[in-house]
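# Tertiary structure, described
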Number of protein chains: 2
Amino acid sequence: MKSKLFALFVLMTGFVQASMHPGLFLTPKGVKEIRTSLGKYPAFDKSYADLKKIADEALASTIVLPQPLDGGGGYTHEKHKKNYYEMNAAGIIYQVSGDKRYAQFVSKMLMAYADLYPTLGLHPAVKSSTPGKLFWQALNEAVWLVHTSMAYDCVYDFIPEIYRKHIESNLFYPMAEFIANGNPENYKVFNKMHNHGTWATAAVGMIGYVMGDKNLTDMALYGSKKDRNTGFIRQLDFLFSPDGYFTEGPYYQRYAIWPFMTFAQVIENKQPELKIFAYRDSILLKAVDMLLQSSYNGEIFYLNDALTKTFKTQEIVYAVNIAFKNNPSNNALFDIVNRQGDFVISDAGIATAKAFYKEKNKPFYSYKSLLMRDGKEGTEGGIAIIRSGNSPDASCLTFKATSHGLSHGHYDKLSITLHDNGAPILSDYGAARFLNIEPKYGGHYTRENYSWAMQTIAHNTVTLNEQSHFNAKIDVSSQFHPEILYADFGSDQVQLVSAIEKNAYPGSRLHRTISMLRHAAFEFPVLIDIFRVKTDAQTADLPFYYQGHLVSAGFDYIKNTTQLKPLGTQQGYQHLWLEARGKTNQPFVQFSWVKGNRFYTLTTLTNDSTELMLTRVGANDPDFNLRNETAVMLRQYRPARHTFVSVIEPHGLYDISKEVTVGYKSNLKSLRKVVDNDTMTVVELSTQVGKKLLYAVVNNPSATATQRQFVYNGINYSLKGNYLLQLITQK
Amino acid sequence: MKSKLFALFVLMTGFVQASMHPGLFLTPKGVKEIRTSLGKYPAFDKSYADLKKIADEALASTIVLPQPLDGGGGYTHEKHKKNYYEMNAAGIIYQVSGDKRYAQFVSKMLMAYADLYPTLGLHPAVKSSTPGKLFWQALNEAVWLVHTSMAYDCVYDFIPEIYRKHIESNLFYPMAEFIANGNPENYKVFNKMHNHGTWATAAVGMIGYVMGDKNLTDMALYGSKKDRNTGFIRQLDFLFSPDGYFTEGPYYQRYAIWPFMTFAQVIENKQPELKIFAYRDSILLKAVDMLLQSSYNGEIFYLNDALTKTFKTQEIVYAVNIAFKNNPSNNALFDIVNRQGDFVISDAGIATAKAFYKEKNKPFYSYKSLLMRDGKEGTEGGIAIIRSGNSPDASCLTFKATSHGLSHGHYDKLSITLHDNGAPILSDYGAARFLNIEPKYGGHYTRENYSWAMQTIAHNTVTLNEQSHFNAKIDVSSQFHPEILYADFGSDQVQLVSAIEKNAYPGSRLHRTISMLRHAAFEFPVLIDIFRVKTDAQTADLPFYYQGHLVSAGFDYIKNTTQLKPLGTQQGYQHLWLEARGKTNQPFVQFSWVKGNRFYTLTTLTNDSTELMLTRVGANDPDFNLRNETAVMLRQYRPARHTFVSVIEPHGLYDISKEVTVGYKSNLKSLRKVVDNDTMTVVELSTQVGKKLLYAVVNNPSATATQRQFVYNGINYSLKGNYLLQLITQK
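As a starting point, this report considers the structure included with it. (Residues numbered from 1 in each chain as written. Chains lettered and ligands numbered in written order. Predicted model: local features only at pLDDT ≥ 70, side-chain atom pairs only at ≥ 80, totals over all residues.)

### A closer look at the relation of the copies chain A and chain B
Definition in use: When the copies are superposed, the least-squares fit takes in the C-alpha atoms of residues with a pLDDT of at least 70 in both. It is the C-beta atoms, placed from the backbone, that decide contacts: two residues are in contact if theirs lie within 7 Å.
Of the transformation superimposing chain A on chain B, the axial component is 0.0 Å and the angular component is 180 degrees, with the fit at an RMSD of 0.0 Å. In symmetry terms, the pair is related by a two-fold rotation axis. Within chain A, the C-alpha atom positioned nearest to the axis of rotation is that of Leu564 of chain A, 2.5 Å from it. Here 100% of the contact residues of chain A are again contact residues in chain B; the copies associate through an equivalent surface.

### Some remarks on the interface of chain A and chain B
Heads up, the rule is: Runs of H or I in DSSP of at least four residues are treated as helices and runs of E of at least two as strands, each being numbered from the N terminus. For this classification, the nonpolar set comprises Ala, Val, Leu, Ile, Met, Phe, Trp, Tyr, Cys and Pro, the charged set comprises Asp, Glu, Lys and Arg, and every other residue, Gly included, is treated as polar.
Contacts between the two partners involve 40 residues from chain A and, on the opposite side, 40 residues from chain B. Secondary structure elements with two or more residues in the side of chain A that touches chain B: strand 14 (549-552) and strand 23 (660-662) of chain A. Among the elements that line the side of chain A that touches chain B, the one with the most residues is strand 14 of chain A, at three residues. Taken together, the residues of the side of chain A that touches chain B break down into 17 nonpolar, 14 polar and nine charged.

### As for the packing of helix 7 (residues 161-181) of chain A against helix 9 (residues 195-211) of chain A
Each pair of packed helices gets described by two things: the angle between the helix axes and the distance between those axes. All names here are of chain A. Note the cut-off: Interaxial angles span 0 to 180 degrees and are taken between N-to-C directions of axes, which are lines fitted to C-alpha atoms, for helices over the stretch in contact. Here roughly perpendicular refers to angles of 65 to 115 degrees, roughly parallel to angles under 35, roughly antiparallel to angles over 145, and oblique to all remaining angles. Crossing handedness: left-handed means the near helix sits turned counterclockwise from the far one by under a right angle, and right-handed means the same turn made clockwise.
Relative to each other, helix 7 and helix 9 sit at 150 degrees, their axes nearing to 9 Å. Taken together, the axes of helix 7 and helix 9 lie roughly antiparallel to each other. Regarding helix 7 and helix 9, the two cross each other, and that crossing is left-handed. Mapping the contact onto sequence places Glu168, Phe172, Ala176, Ile179 and Ala180 in helix 7 and Ala200, Ala203, Val204, Ile207, Gly208 and Met211 in helix 9. Taken together, the residues that form the contact of helix 7 with helix 9 break down as nine nonpolar, one polar and one charged.

### A short note on unusual backbone geometry
Residues and elements named next belong to chain A. To be explicit about the condition: Exposure criterion: with C-beta atoms placed from backbone coordinates, a residue whose C-beta has 20 or more other C-beta atoms within 10 Å is buried, one with 12 or fewer is exposed, and one in between is partly exposed.
The residue after His21, namely Pro22, is reached through a cis peptide bond having omega -5 degrees. With a phi close to 55 degrees, Lys226 is a non-glycine residue in the positive phi region. For Lys226, the location among the structural elements is in the loop between helix 10 (214-222) and helix 11 (232-238). Residue classification places Lys226 among the partly exposed positions, given that 14 C-beta atoms sit within 10 Å.

### Describing the environment of Phe644 of chain B
Residues and elements named next belong to chain B. Here Phe644 lies in strand 21 (residues 641-651). Exposure remark for Phe644: the 20 C-beta atoms within 10 Å place this residue in the buried category. For the pair Phe644 and Phe277, spaced 367 residues apart in the sequence, the C-alpha separation amounts to 45 Å. Not counting residues within four places of it along the chain, the set of residues in contact with Phe644 comprises Phe531, Leu542, Thr604 and Leu634.

Laid out in structure tokens, this is it:
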């Protein structure tokens, strides 16, 4: 009995690992679960119905494989994309329904591709250094193959062997060979530590598993030379920091998580002995958590090249389903599942749906203040996320002090964004791109992505001498990263992070300490931004790209009402229309705007050498590629040792529906710098209702206790940790 | 028995009508209903809890009556507003809960107002020609009194008579007197056919009913002289057209509906014999329907001076509750109630809530294509609304051919807007105003409201010689209105409206026929815009203010990339930055943009004398009061007899989440004018897939049958009604 069971077990596992079909992403167990579950879980039923609709529409139309011609968004591009979605859908529906018409469809389309593929040269729209054959870039070819592998797996047993041979030898082997080794560039990508490499290895590995070809799967796992110096497993070591941060930033973390998680699930099914989800202290599950943390109100942060992406994107649905399947104790994921209302029709999807509907108590996903360290050792800076709470309208600050982030990185060391009340308040431009809209530069990153979006001045950080960090040279920028001095989120009242960048400008030093304070003196949490600059540059510019409409500028300005000119000529400045400039003889200015039903005020210290500018993006944009966003910009002339001290404060209520306005004025009456030296910076905040707050932050964490003392109004204060927040009692 | 019942009836009705308290808006019957209903209807409970929260917070804080000082949005303004909301809330909660602390609060605050009011002169912030005492304009004083009357009614019996005397003689009588007759301007407003007059008469009438003063109520109903030439009833004759259209437009219809419906409910309670809701063929109920029809996706149209207002505003909650109470058969209102999720705590509110929760089948509110005639006789033009269907994402066109619309009217005869897919596509700027934000010109209409928002060039209609209609003179514009030739919404395939404006430019003639076509040749309904101009002007400008991002311009243009200048110097042109201008040697151009997940293309006929401009709002705006919206503008030089023929076509899908793009190209391959004379205009539309459509519209409805014939490709066609839509079979 024992041996019989064991034999069965061996047979079963061996079967799954090696040659069972389907056994790649969907398995017979999953198929059975789905069959018995349909009709029970409304959201899963809807996902199934959506997929079936794709398959049914595919069956009802003629199979068309156009000669490759267009770039992203163009007809032939979208058609070949649609084809793999259709095959994928039909393959799954075949498995679940048993209806052979779906399998026939996949079989026919595969045969047609097997006829077409050998006739193709490189794609004619050569805008990529790694062109594909069906698509303008090899990346899309890999994505095609990832999806089609799953479809092929679903109909494998249905297709007569002689047809399979035709398909494999004319389509899948040539395509896998092309992706892994089609030309020196493709070979490089396949063996590169980059998300394109992940798609490439996943594609080759997945078709390898379906075809039972150990050569392909080993190449995918361990690199072309199978020496483990490249390949999927090595990518897990290199592309994520120990915290699970993906070096290109959240937008590409979202994109990369798709092949990472999908291929990992395949490996788990086919080679469970690799324990891929436990690998490197469960790095993939950490990566999913970090991706979810890198969001506000269900939208992924704009950092580096980024466009709008929500939790509803299919890749995050994949990631969440697979993450749950491989760690069913993580029921906080149900909060995300609830937002998504969508499942992948797969073993992972049905497992998630079943558990989701069973669970009565759905805890909120816990968004935390955290530091995501960058670099494979976690030593190359990082991104800090500071939140005032867990609700969708809580304040959320991001502070970017990472390494460059490969080709999608921006030159924006120490830049910040702020979200509040459900919306972006201080924003990052993201990428200049109209993905998949062919008339917009073929759907690629537009020229303005480099000339504007990547440049320092496009971000909420300091630019010196109108030159971007590292002079916007990626090979230089990639060698350095900021140093995070400390990050302290332990207190409910004060959360702060401090980092130094010494390499962006040789000989200059940028040091920013940004804090979120919660205090009864203010209605909402406020930001204290202390940006210390040490430089011999002529100008230091610090813009705040505010979302919303200007309410009051708080300084005398001259507006360019009858003529607009660009602020500069290069490194992003050529794209800024200078709408107004002004000065003040006050020690600080207050700039207010309204966004949604709340007001915001920036209060910032000024002196004789401070100029204030109001800018709008859009100059030197011949093709209307830019969004016309606005900023208030501080320019400090001959800064030498200058410290920008700013408070960003949400306040009041603007209810246009009830026509009620409350508190449009800042609660801050004055802002003053009390101490500012290499050990500490101390500021004094006086509120309209007569309260005084002292706030001190440490500039040199290794300073001794005695050095961390200061005198204010004749009284001695000392900092114990990295900060001091003190309400001053009026005498 | 009979006589006893009758006596009781007389007693009851007499009591209600004359001196029962509360008996104004809330009655003992309503109070009882509310008491027994609490806990049963979640949305009603929430409304009650919201109101109770206002009352409780009021009770917990000190009563403050600041010396009037600020304009709208300022502290003293908002405080006096808050005070009436608090009294109103506390009064109602007192009635429902019986808790005397609420009544005490109202009593105390009224006593304080009675002390303050006699000491007040005119409000110091004199930006209005009709200043108030508590507020910068008498209008707000009337709104204060409308709310406070209800509060006083609720606590009337609680307040000792001697206190009541103090309150009435020092506060209510002087205030009523001030509103009705405080100075010549107030007298004028009280007797004016204008929404300010409605608030004034409602305020005086309502406090009159509470105090049982027939002199005041008669003045309110029949005018200061009680001769029925002015007053509330006369307003019902004058301010609405027979269709229920309010002459100032939907935004002010929304605002006016509040005192209209509230005071009407009071009259119904106090003088039911007037049958106010049946008056003039139920004009008030019609007005509520027209207000609801004047919306897209729950937002009121921007026409004339307008800001964003949704169905959730309290005034529309009042209107819908009262409309239902007085016509309980209209259960389509439940669709609106469902969107609102809010009720007025009153007889009307509880009646609506009870019925709403009882009804299982909640039909959709039926949004229809319709013509709302303007003018008290319905003879002064009107607004046409054409819809492709009843769903929230259906296409919806507005066509404005009304009279001027009093002081809030814009100079935009024959202008259009288009909504589609849930959002504005071709938009109306609305008003240049930041309501209740004091730093923005005191919350008033800004200077740019006249210099920009009202001017013709700010609208999707034709401007001749860079001069607004009627040279932007209200006294001239108010004398005229366009003539609606026909409006035909009978067919599912073709809906159209045609109007002529002969007076906007003496000697010139503007004639626009706008159609919504649904045809299998197009994915979505398309607009055909035929705008005929007969003039000796040098230029005819037709802008389309598009919402979204430019995809392709379809003509060679020179973009002003390093310098922007205003397009003109006056009548709105000074506010337009000229971003690009171009010409074409093609017979038509196609201009595409993307909004949400859909593409839109304007295809328009061009010739040698057509120039195309791309503009952005924002020049000559010293105080940052304008929104920077974009337009594509057709300029026809020396138009003489020119016909602008344009097709506006929604198409394709832009799904950024799934990264799928379909159909970014227009389905229209070419556009051609076949016939264009005083009898008809015929255009030919050729689609990408080779279909040809002929579309003909009548320009002269009184033409004879034989005149309505034309020849196309040797074949005779004739129009029977106002149009012909014909699919041409290919030979």
